[in-house]
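Summary of the model geometry
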Amino acid sequence: MSVVKQIKPLVTKALKELYNFDVDEDDLTINITKPEFEGDYTLVLFSFVKTLKKSPEVIGKELGDLLTAQHATIFHSYNVIKGFLNLTITNDYWINFLQTNFLAVHFGKKEPNGITVVVEYSSPNTNKPLHLGHLRNIFLGWSATEILKANGYEVFKTCVANDRGIHICKSMLGYQKFGDSATPKSTNVKGDHFVGDYYVQFEQVYKEQVKDLVSSGVNEEEAKKEAPMMKEAQKMLHDWEQGEPEVLTLWKKMNEWVYQGFDETYKRIGNEFDKVYYESDTYIIGKRFVEEGLQKGVFFKKQDGSVCIDLTADGLDEKLVLRKDGTSLYITQDLGLADEKYKDFQYNESFYVIADEQNYHMNVLKLILQKLKKPYADGIYHLSYGLVELPTGRMKTREGNVVDADDIMDEMVSVAAKHTEELGKVKDFSEAELKELYDIIGLGALRFFLLRVDPKKKMIFNPEESIDFHGFTGPFVQYTHARIKSILRKGKADPTYKLGSNELLPGEKELIVLLEQYPVMLEQAAEEHNPSVLAIYAFTVAKTYNTFYAEHSVMNAESADKKQLRLQLSEMTANVISSAMHLLGINVPERM
RNA sequence: GGCCCCGUAGCUCAAUUGAAUAGAGCAUCUGACUACGGAUCAGAAGGUUUCAGGUUUGAAUCCUGACGGGGUCACCA
């Protein structure tokens, strides 16, 4: 149990004893003591002043006296400055903590809690390759899953392939017209890129057609509808829905190419799903909901036959849930899919990793399910994340300023290779070992870059900054790990050695205090659904270790006791860094 | 226009259940390898937290208003 969690009941007990004052533990504010003051943890006293009618200085002194007297094994000393009670924890406590945990590989992780969560992420369209935005989504979904697992949840990863619709028909039509029966194999192009190229060709020709129509006097809106390419695409969509064999064959063939491409990318970043849903299957299943909603009086039918729900009382709008021709919409499918997933996994919570432009949609989805009194409705959580933008602004496929996922990965890996070669520290590595190392560093850098920012916030991807492997980056943390491992190859901590009541030096203590917080960080990351908590933490640990490393020698320590202490510290730092990084999906090398 | 989100160092980001002098990294400048890995470390400089009010012992954080930016309001997904 963390120190803070141990301290809180002691404080509430002391307040009761001293003043017969009842406080909820959650109402106590206990922070890390600022470095400019003496102490480890600080209790903020201001909130007691009013009810106790005593000055914070007096409360602090009385509380400090009692705590140090009653719990001398935990509290070494205290001081009061203004309204802050600064508590110093005993060295014995810290040393004991280190000694019992430094080899614990599962440090901070929790036992199963019986809660089942489904996380849906990635969910790409099958008409073009993945881009940087997908990577943020995938890394987030993957990491959120791992963090939940580490906190005791049972988690299933799912994905919806958006494999049907007008956008798919566009690339199909592009291929039909310009494909000349080429294949990814015959052209040696990765399947998803191959298909994406025809989507681009479609858009180009279509754009020309619209331009011609506009210049011949048609208004733009009309032109966009009437352009021959669009007409054809819509006909194809219709044919697809009618089950036209020729269209279906082409559709299957092209989707298969895309999936092969996606699989290659997923494999490279170590991603896999427990279950993939296909929109071509799910787009029908929402209709049952419409029936149910009508019966319950939650939905209403309009004169033209379309079905709506009135959400104005909840501050939202009127929302259409079924077209007048009886076909499903996006929201209809999502209703059905929620149910389907519930059947498959009996989840307590269902996460949707979807960009924040769909906040409204997700609000509507949850609200409708709540109105239908679905048992799983309250467990729906939109893990909303901000878009990745470039320094030049938002990425737009049509304007061609999209950072392709495969390209950026290649670039990061090649930068990693270049740096590694320049430094020449792993000259004895085999070809295969080098390849693996470059992937670990390059992809680790990319992952760290995308995960270090609070998911809720939009982020700017600066290509120049992303290939800098110094400072607040994945390689910095990896490097620290490799350096520790280098020491540990020279000497190991002896688990049977009993550390004495060491005077802890500031650099040593700072590190122990930080390591002790890992379980709290892990909890916070899960509660906030925020992997950046761990990225920032891992960086802080690495930085603190590097400072410690520069100040103190491990192998040539002043005494045998110090050497053991520092070996244990090193061992634990490596474990915690490795653990935190793995939860981000980042591997840490032994050497680099 | 309605609703939602955002505005912190030159740049990218922390700190938002209110707490001490708002922290990092990059970039800039100055230092450190005859101690275990220099993808490192130490230091300097850099701020009216967009602005104006308000609540509070205490505000980047909460409230009101203004300004600036983004998203959304499809019988698209």
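Note that the structure is a prediction, hence the values are computed from the model and not measured.

What counts as what
- Residues numbered from 1 in each chain as written.
- Chains lettered and ligands numbered in written order.
- Predicted model: local features only at pLDDT ≥ 70, side-chain atom pairs only at ≥ 80, totals over all residues.
- Heavy atoms only, no water.
- Helix = DSSP H or I, 4+ residues; strand = E, 2+ residues; numbered from the N terminus.
- Polar contact = N/O pair within 3.5 Å; in protein donor to acceptor, adjacent residues only side chain to side chain.
- Contact = heavy atoms within 4.5 Å.
- Patch = residues over 30% accessible without salt bridge, like charges linked within 9 Å, V, L, I, M, F, W, Y side chains within 5 Å.
- Areas by Shrake-Rupley, 256 points an atom, 1.4 Å probe, with all protein chains shown as cover.
- Salt bridge = Lys/Arg side-chain N within 4 Å of Asp/Glu carboxyl O.
- Lys, Arg positive; Asp, Glu negative; His and termini not counted.
- Charge placed at Lys NZ, Arg CZ, Asp CG, Glu CD.
- Buried < 20%, exposed > 50% of the residue type's maximum accessible area, 1.4 Å probe, protein only.
- Domains from an automatic or database assignment.
- Axes fitted to C-alpha atoms, helices over the stretch in contact; angles between N-to-C directions.
- Parallel < 35°, antiparallel > 145°, perpendicular 65-115°, else oblique.
- Left-handed = near helix turned anticlockwise from the far one by under 90°.
- Near = heavy atom within 4 Å.
- Pairing = 2+ DSSP bridges.
- 1 Å grid on protein atoms, 1.4 Å probe; cavity = no way out; pocket = protein on both sides within 12 Å on 5 of 7 lines; lining within 4 Å.
- Points joined across faces, edges and corners; volume = space filled by probe spheres on them.
- Nonpolar A, V, L, I, M, F, W, Y, C, P; charged D, E, K, R; others polar.
- Phe/Tyr/Trp six-rings, centres within 6.5 Å; stacked < 30°, edge-to-face > 60°.

1. Topic: the side chain of S77
Topologically, S77 is positioned in strand 3 (residues 75-81). One polar contact links S77 to H76, side chain to side chain, over a distance of 3.0 Å. Here S77 is in contact with E38, T68, N86, L87 and T88, once residues within four sequence places are set aside.

2. Section: a negative patch on the surface
On the surface, D24, E25, D26 and D27 cluster together to form a negatively charged patch. Here D24 shows up in the loop between helix 1 (3-19) and strand 1 (30-32). According to the relative accessible area criterion, D24 is partly exposed, its value standing at 42%.

3. A short note on the domain arrangement of chain A
Annotation of chain A at the domain level lists domain 1 (3-89), domain 2 (165-272) and domain 3 (423-583). Between domain 2 and domain 3, the C-alpha centre-to-centre distance is 46 Å.

4. Quick notes on the packing of helix 4 (residues 91-101) against helix 20 (residues 506-516)
One way to put it is that helix 4 packs onto helix 20 with a least axis distance of 10 Å and a crossing angle of 60°. If you check the angle between helix 4 and helix 20, you find them oblique. Here helix 4 runs over helix 20; the crossing is left-handed. Contact residues: helix 4 offers N91, Y93, W94, F97 and L98, while helix 20 offers K509, I512, V513, L515 and E516.

5. Some points on the protein's contact with RNA strand B
In the vicinity of RNA strand B lie 59 residues, with D304, R323, K425, R483 and H552 positioned nearest. Within 4 Å of the protein, the atoms of RNA strand B are drawn from sugar and phosphate moieties in a proportion of 57%. Here Y479 contributes a side-chain N or O atom positioned 2.8 Å from a sugar or linking oxygen of RNA strand B. Take M592: an N or O atom from its main chain is 2.8 Å from a base nitrogen of RNA strand B. For the surface near RNA strand B, the secondary structure elements donating two or more residues are strand 2 (41-44), strand 4 (84-89), helix 16 (405-423), strand 15 (459-460), helix 19 (474-490) and helix 22 (532-551).

6. Let's talk about the pairing of strand 2
Side chains Y41 and L43 project from strand 2 onto one buried face, and the interleaved T42 and V44 project onto a second face that is buried too. The sheet contact formed by strand 1 and strand 2 spans three bridges and is antiparallel. Bridge pairing in strand 2 links I30 to L43. In the sheet, strand 2 pairs with strand 4 via four bridges, with the strands oriented antiparallel. Opposite T42, over in strand 4, you have N86 as the bridge partner.

7. What about the sheet that holds strand 5 (residues 116-120)?
Spatially, five strands are ordered 7-6-5-11-12 in an open sheet, and the strand pairing comes out parallel. Each of the sheet's edge strands pairs with one partner strand only, and the pair in question is strand 7 (275-278) and strand 12 (380-385). Ignoring strand direction, the axes of neighbouring strands in this sheet form an average angle of 25°. On the sheet, helix 14 (residues 330-345) packs against strand 5, strand 6 (154-161), strand 7 and strand 11 (349-355) and is oriented at approximately 150° with respect to strand 7.

8. A short note on unusual backbone geometry
In most cases, non-glycine residues show a negative phi, while peptide bonds are predominantly trans. The residue S122 is not glycine, and still its phi comes out positive at about 75°. Looking at the secondary structure, you find S122 in the loop between strand 5 and helix 5 (132-150). For S122, a relative accessible area of 4% translates into the label buried. Not every positive phi belongs to a glycine, and D180 is a case in point at roughly 55°. Tracing the chain through its elements places D180 in the loop between helix 6 (166-178) and helix 7 (184-187).

9. Quick word on the layout of surface pockets
Approximately 830 Å³ is the volume attributed to the second largest pocket. If you go around the second largest pocket, you meet 29 residues; those closest to its centre are G39, D40, K509, E510 and V513. For the lining of the second largest pocket, the secondary structure elements donating two or more residues are strand 4, helix 20 and helix 22. Partitioning the lining of the second largest pocket into residue classes produces twelve nonpolar, ten polar and seven charged. Per-domain counts for the lining of the second largest pocket show at least three residues from each of domain 1 (3-89) and domain 3 (423-583).

10. Considerations on the packing of aromatic side chains
Inspection of the entire model under this criterion finds 29 aromatic pairs. Between the aromatic rings of F194 and W257, the centroid separation amounts to 5.2 Å while the plane-to-plane angle is 85°, which identifies the pairing as edge-to-face. Here F194 is found in helix 8 (residues 191-215), whereas its partner W257 is found in helix 11 (residues 245-268), with 63 residues between them in sequence. Note on W257: relative accessible area 11%, which makes it buried. Taking 5.8 Å as the distance between ring centres and 75° as the angle between the ring planes, the aromatic pair formed by Y259 and Y278 counts as edge-to-face. Of this pair, Y259 sits in helix 11 while Y278 sits in strand 7, and the two are 19 residues apart along the sequence. Judged by its relative accessible area of 16%, Y259 falls in the buried class.

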